[in-house]
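The primary structure of each chain is shown beneath.
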Amino acid sequence: MKLKLYCVMSIVMVLCAANYAFAGMQYDEIYASKTDAKSILLLVNSDIHSSISKALNQYISDLEAEGYKVYATKFIDGSAEELKDYIKSYYTNSGIEGVMFIGDLPIAYYCETSQQYYDEYGKKYPFPTDIFYMDLDGQWSDNIFSDGNYDSHTAGSGDKEIEIWLGRLTASTVERSDMDEAGILKNYFNKNKKYRRGELSITHRALYYPDDDWSTTTSYLDKAYSDVTIVNDKTTTSYTDYKQKLKDNYEWIHVLVHSTAREHLFDNNWSRLVKYSDVRDIDPKSLFYLLFACTSSAYNTQNYLAGHYIFSKTYGLASLGTTNAGGITKNSIFYSPLGPNERKTLGEAYKSWFNQEYTAASKGNLNGMTLLGDATLSLDPPIASIDSVSATNIIKG
């Protein structure tokens, strides 16, 4: 019966491929839920799939228990453009709400043309853009530099808003002595399972931690949490105090600090750093992060900070940040849907925020925005329904 389902899926998608530009992509469709519900697509790197299949099966079962129709595909080879068109086919034909990237998948790069996005040597730098995969009807072009990196994003025949959300789990660039890439992902899915069952003991409270240049900003975390701690005194915010706060049991941490991909620079001072190794060794007692911290989510960089936040050993589930300069602004638009009146998922809140915030003036920052971790999570997991579904109905591939 499982084999029959798999064969039908393969035939259907071969026929559909004629209408799209992913005919040259190599992939293996390994699962489709039998129920009709809100749909999501899981894309898994084929090299890592067999090593994490048991954990992935449990994840799919948990998603189904929460009301999702899940499609799962092993990605073998292909370009970012082919993969985007494959995703678009699922959006058109199956109405997917979002997509999860698990393991290494093709990266689309964007390069801003204004001078502020050049480095100190006058050289432009491209950055990963997951917005490319989420905006399914806009026009992406390499018009100016002709170097293989996108440098223009226009409405084209559609618009520049995103049609779907994307959550990414990239562990290959996270170094741990106790786990390889497969081990990191299996540990992540185990934490994910525990959270959905209410087995991660984190206090339901949030921390807003703006370093000096953002000390007067407003958190708006009270839209999502009734218990919010704000540390904005310039004499208090520091790399030593922040490292202590990482141990202090906050479910959500929102930090604003100058950063590189691998370290936070408190007081904008190279001698006052919180490095990726600090985050790894501290094993922060926190689940969710909003990082207004330039390039700290650049998952193409070895030991990127956001990776060590979400792939910490005991906690860590999701982080919203940027692969470029800046980060999220207008926090109230993002936090309100996460609050008790709506309890949207991270992916839903992210999509809503982006489509309200995306303007020509701010697109330089926003094209680098990325949600790392499981986009289907919410601040109150539906604990009761999870244990009613077993992980025995998943097609092995």
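Above this note sits the structure.
Residues numbered from 1 in each chain as written. Predicted model: local features only at pLDDT ≥ 70, side-chain atom pairs only at ≥ 80, totals over all residues. Heavy atoms only, no water.

Asker: Just to check I follow, could you spell out the sheet that holds strand 15 (residues 273-275) for this structure?
Answerer: Judged by pairing direction, the sheet is antiparallel, and its three strands sit side by side in the order 13-14-15 without closing on themselves. Lying at the two open borders of the sheet, with one neighbouring strand each, are strand 13 (258-259) and strand 15. When strand 13 meets strand 14 (residues 263-265), the two strands line up antiparallel, connected through two bridges. Across the sheet, the residue bridging to Ser259 is His264, located in strand 14. (Pairing = 2+ DSSP bridges. Helix = DSSP H or I, 4+ residues; strand = E, 2+ residues; numbered from the N terminus.)

Asker: Help me understand the packing of helix 9 (residues 331-338) against helix 10 (residues 346-357) in this model?
Answerer: The relative placement of two packed helices is expressed as an angle between their axes plus a distance between the axes. Two numbers describe how helix 9 lies on helix 10: the axes approach to 9 Å, and their chain directions differ by 150°. By the angle between their axes, helix 9 is roughly antiparallel relative to helix 10. For the crossing formed where helix 9 meets helix 10, the hand is right-handed. Contact residues: Ile333, Phe334, Pro337 and Leu338 in helix 9; Leu346, Ala349, Tyr350, Ser352, Trp353 and Gln356 in helix 10. (Axes fitted to C-alpha atoms, helices over the stretch in contact; angles between N-to-C directions. Parallel < 35°, antiparallel > 145°, perpendicular 65-115°, else oblique. Left-handed = near helix turned anticlockwise from the far one by under 90°. Contact = heavy atoms within 4.5 Å.)

Asker: Can you walk me through the packing of aromatic side chains in this structure?
Answerer: Describing an aromatic ring pair means giving the distance of the ring centres and the angle of the ring planes. As enumerated under the stated definition, the model contains 28 aromatic pairs in all. A centroid spacing of 5.7 Å and a plane angle of 80° characterise the contact between Tyr195 and Phe288, whose relative ring orientation is edge-to-face. Here Phe288 lies in strand 16 (residues 288-292) and Tyr195 lies in helix 5 (residues 181-196), a separation of 93 residues in the sequence. Exposure class is identical for Tyr195 and Phe288. Each is buried. For the pair Tyr289 and Tyr309, a centre-to-centre distance of 4.4 Å together with 40° between the ring planes defines the contact as tilted. One end of the pair, Tyr289, is in strand 16; the other, Tyr309, is in helix 8 (residues 305-310), with 20 residues separating them in the sequence. For the pair Tyr289 and Tyr309, a shared accessibility class is recorded, and that class is buried. Taken together, the ring pairs in this structure connect Phe101, Tyr110, Phe127, Phe132, Tyr133, Trp140 and Tyr150 into an aromatic cluster. The lysine or arginine in question, Lys38, covers the ring of Tyr68, its NZ or CZ lying 4.5 Å from the ring centre. Here the guanidinium or amino end of Lys84 rests over the ring plane of Phe132, the centre of that ring lying 4.3 Å away. (Phe/Tyr/Trp six-rings, centres within 6.5 Å; stacked < 30°, edge-to-face > 60°. Buried < 20%, exposed > 50% of the residue type's maximum accessible area, 1.4 Å probe, protein only. Lys NZ or Arg CZ within 6 Å of the ring centre and 35° of its normal.)

Asker: Please explain the sheet that holds strand 3 (residues 68-77) as it appears in this structure.
Answerer: Two strands in a sheet stick together by hydrogen bonds in their backbones, pointing the same way (parallel) or opposite ways (antiparallel). Strands sit in the order 1-3-2-4-9-18-17-16-12-10-11 across an open sheet of eleven strands; the sheet is mixed. Of all strands in the sheet, those with a lone pairing partner are strand 1 (26-32) and strand 11 (228-230), marking the two edges. Sheet twist, expressed as the average angle between the axes of neighbouring strands with direction ignored, equals 20°. By the bridge criterion, five bridges tie strand 12 (residues 252-256) to strand 16 in an arrangement that is parallel. For Ile253, the partnering residue across the bridge sits in strand 16 and is Tyr289. Along the sheet, helix 2 (residues 46-65) contacts strand 1, strand 2 (38-45), strand 3 and strand 4 (96-102); its crossing angle with strand 2, the most-contacted strand, is approximately 160°.

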